[in-house]
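Take a look at the letters that make up each chain.
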Amino acid sequence: RGASPELVRSPGRGFLGDRDLMLYGLYASGLGAIGQSLRLDLIANNLANVNTPGYRRDQVSFRERLAEALEDKPDLKYYNSLVHRYGGAPFVDKISYDKEAGAYDVTGNKLDFAISGNGYFTVRDRVTDRLYYTRAGNFTIDSEGNLGTADGKYLVVSEDGEAIHIDPTVVSDLKLDPEGNLFQGEQFVGRFGIADSAGIQKVGDNVFQAFASAATPAQGFTLAQATLEGSSVNPIVEMVDMIRTMRAIESNLQMIKIQDGTLDRAVNELGRVR
């Protein structure tokens with residue numbers, strides 16, 4: 001009230017002119033559709049891993065871009081100078097994963113293991129020798145007797161960093177105590193290297209990697225044999241979120257269509273020289 005009719009107050013500082021206002025609406029709706037599309041991709045990936053052992057569901061959070069953020073421009077994938085000048089449009093804040101464990105299932109398989117509490121199994125890439133971490137305990141034995149992940153890409157290592165070797169002819173004698181010590185009959189095989197969950201991030205293949213610093217040994221956990229931790233994905237919740245996300249995308253696209261029509265009319269009819 002009291003402002004010039006050609007100017008509208010922006011969500012941030014300053015005023016939006018008629019031209020900027022129309023373009024701002026297009027950009028804001030477009031960025032909203034892009035963010036919801038990313039969320040839809042994460043939901044689809046969660047549903048695809050509903051039966052993946054030890055999988056932690058991905059989740060995305062959004063935040064409103066403030067006008068003051070222009071002073072310290074972040075490294076954004078989708079950057080628009082007009083939106084950053086005035087603020088208000090939604091942007092992806094971060095993509096994180098669920099910290100809650102999935103349901104536990106007794107399988108009866110001697111090579112299935114599950115962690116109760118904090119911690120991740122330590123595995124080593126067969127090609128690069130880099131260390132990764134996983135909650136998926138559905139392990140297998142290769143031709144050399146090494147314990148590895150189900151996809152065969154990683155070797156399971158003990159707390160001293162060595163591959164765990166098992167005699168494949170007497171797997172039925174394999175026993176595990178709650179502290180992670182593995183025995184084959186009376187012979188000690190090794191102790192699982194269980195790493196703390198602090199400072200690790202998802203990198204694909206259902207494994208995690210430590211980025212901030214080297215992972216430290218976990219505390220306060222117990223291990224169980226012939227048991228698997230399931231996925232933390234709830235398919236009903238994901239389907240509901242998918243419907244909401246698709247509706248949000250449709251709403252943003254409809255707003256783009258309306259604003260594009262308004263802009264077209266302003267250019268071709270209101271701006272026509274008489």
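Fair warning: this is a prediction, and the values are worked out from it, not measured in the lab.

Trainee: Requested: an account of the environment of T245, with residues and values cited.
Mentor: Here T245 shows up in helix α3 (residues 235–270). Accessibility expressed as a relative area gives 0% for T245, which makes it buried. The spacing of T245 and L40 is 205 residues in sequence and 6.4 Å in space, taken between C-alpha atoms. If near-sequence neighbours (up to four positions away) are discounted, T245 is found in contact with Q36, R39, L40 and I43. There is a polar contact of 2.7 Å between the side chain of T245 and the backbone oxygen of D241.

Trainee: Lay out the environment of I164 with the relevant residues and their values.
Mentor: Positionally, I164 belongs in the loop between β11 (154–156) and β12 (174–176). The spatial distance from the C-alpha of I164 to the C-alpha of F192 is 8.2 Å, given a sequence separation of 28 residues. In this structure I164 touches G145, N146, L147, V156, V157, S158, L182, V189 and F192, once residues within four positions along its chain are discounted.

Trainee: Give a detailed account of the pattern of salt bridges, specifying residues and quantitative values.
Mentor: For the structure shown, the criterion picks out 8 salt bridges. In this structure, D129 engages R124 in a salt bridge whose closest nitrogen and oxygen atoms are separated by 3.7 Å. A relative accessible area of 18% means that R124 is categorised as buried. K153 is the partner of D205 in a salt bridge, and the nearest nitrogen-oxygen pair spans 3.4 Å. Taken together, the positions of D205 in the loop between β16 (200–204) and β17 (207–210) and K153 in the loop between β10 (147–148) and β11 put the pair 52 residues apart, joining distant regions of the chain. Accessibility expressed as a relative area gives 44% for D205, which makes it partly exposed. Counted as one network, the salt bridges with shared partners bring together R56, R135 and E229.

Trainee: For the packing of aromatic side chains, give the residues involved together with the corresponding values.
Mentor: Under the definition given, this model contains 9 aromatic pairs. A centroid spacing of 6.0 Å and a plane angle of 35° characterise the contact between F113 and F139, whose relative ring orientation is tilted. One end of the pair, F113, is in strand β6 (residues 113–117); the other, F139, is in the loop between β8 (131–134) and β9 (140–141), with 26 residues separating them in the sequence. Here F113 matches F139 in class, with each residue buried. Ring centres of F121 and F192 lie 5.4 Å apart, and the angle between their planes is 70°; this geometry places the pair in the edge-to-face category.

Trainee: Tell me about the nonpolar core, and please be specific about residues and values.
Mentor: F113, F121, L147, L182, F192, I194 and L223 are the most contacted members of the largest nonpolar core, which has 21 residues in total. Breaking this core down by element, the ones donating at least two residues are β6, β7 (120–125), β11, β12 and β18 (221–225). The residues touching L182, leaving out its near neighbours within four places in the chain, are F113, I164, I166, L174, K175, L176, Q187, F188, V189, G190 and F192. Grouped together as the second largest cluster of nonpolar side chains are 6 residues, Y97, Y133, A195 and I200 included.

Trainee: Requested: an account of the pairing of β17, with residues and values cited.
Mentor: Side chains on a regular strand alternate between the two faces of the sheet. Where β16 and β17 come together, 4 bridges link them in antiparallel fashion. Bridging across to β17, K202 finds its partner in F208. What sits between β16 and β17 in their antiparallel hairpin is a turn of 2 residues, with D205 showing a positive phi close to 60°.

Trainee: Summarise the side chain of Q225; cite the residues concerned and give the values.
Mentor: Checked against the element boundaries, Q225 lands in strand β18. For Q225, the side chain forms a polar contact with the main-chain oxygen of K110, separated by 2.9 Å. Q225 has contacts with K110, D112, F113, L174, K175 and L176, leaving out every residue within four places of it along the chain.

Trainee: Would you mind going over the environment of A44 in detail, with residue names and values included?
Mentor: Relative to the helices and strands, A44 resides in helix α1 (residues 18–48). For the pair formed by A44 and M242, sequence separation is 198 residues and the distance between their alpha carbons is 8.1 Å.

Trainee: Hey, could you go over the sheet that holds strand β13 (residues 181–184) for me, with residue numbers and the actual values?
Mentor: Strands sit in the order β12-β13-β14 across an open sheet of 3 strands; the sheet is antiparallel. This sheet does not close on itself; its edge strands, each paired only once, are β12 and β14 (187–191). Mean inter-strand twist for the sheet, computed between neighbouring axes without regard to direction, equals 25°.

Thresholds, definitions, all that
Residues numbered from 1 in each chain as written. Predicted model: local features only at pLDDT ≥ 70, side-chain atom pairs only at ≥ 80, totals over all residues. Heavy atoms only, no water. Helix = DSSP H or I, 4+ residues; strand = E, 2+ residues; numbered from the N terminus. Buried < 20%, exposed > 50% of the residue type's maximum accessible area, 1.4 Å probe, protein only. Contact = heavy atoms within 4.5 Å. Polar contact = N/O pair within 3.5 Å; in protein donor to acceptor, adjacent residues only side chain to side chain. Salt bridge = Lys/Arg side-chain N within 4 Å of Asp/Glu carboxyl O. Phe/Tyr/Trp six-rings, centres within 6.5 Å; stacked < 30°, edge-to-face > 60°. Core = buried A, V, L, I, M, F, W, Y, C linked by side-chain atoms within 4.5 Å. Pairing = 2+ DSSP bridges. Axes fitted to C-alpha atoms, helices over the stretch in contact; angles between N-to-C directions.

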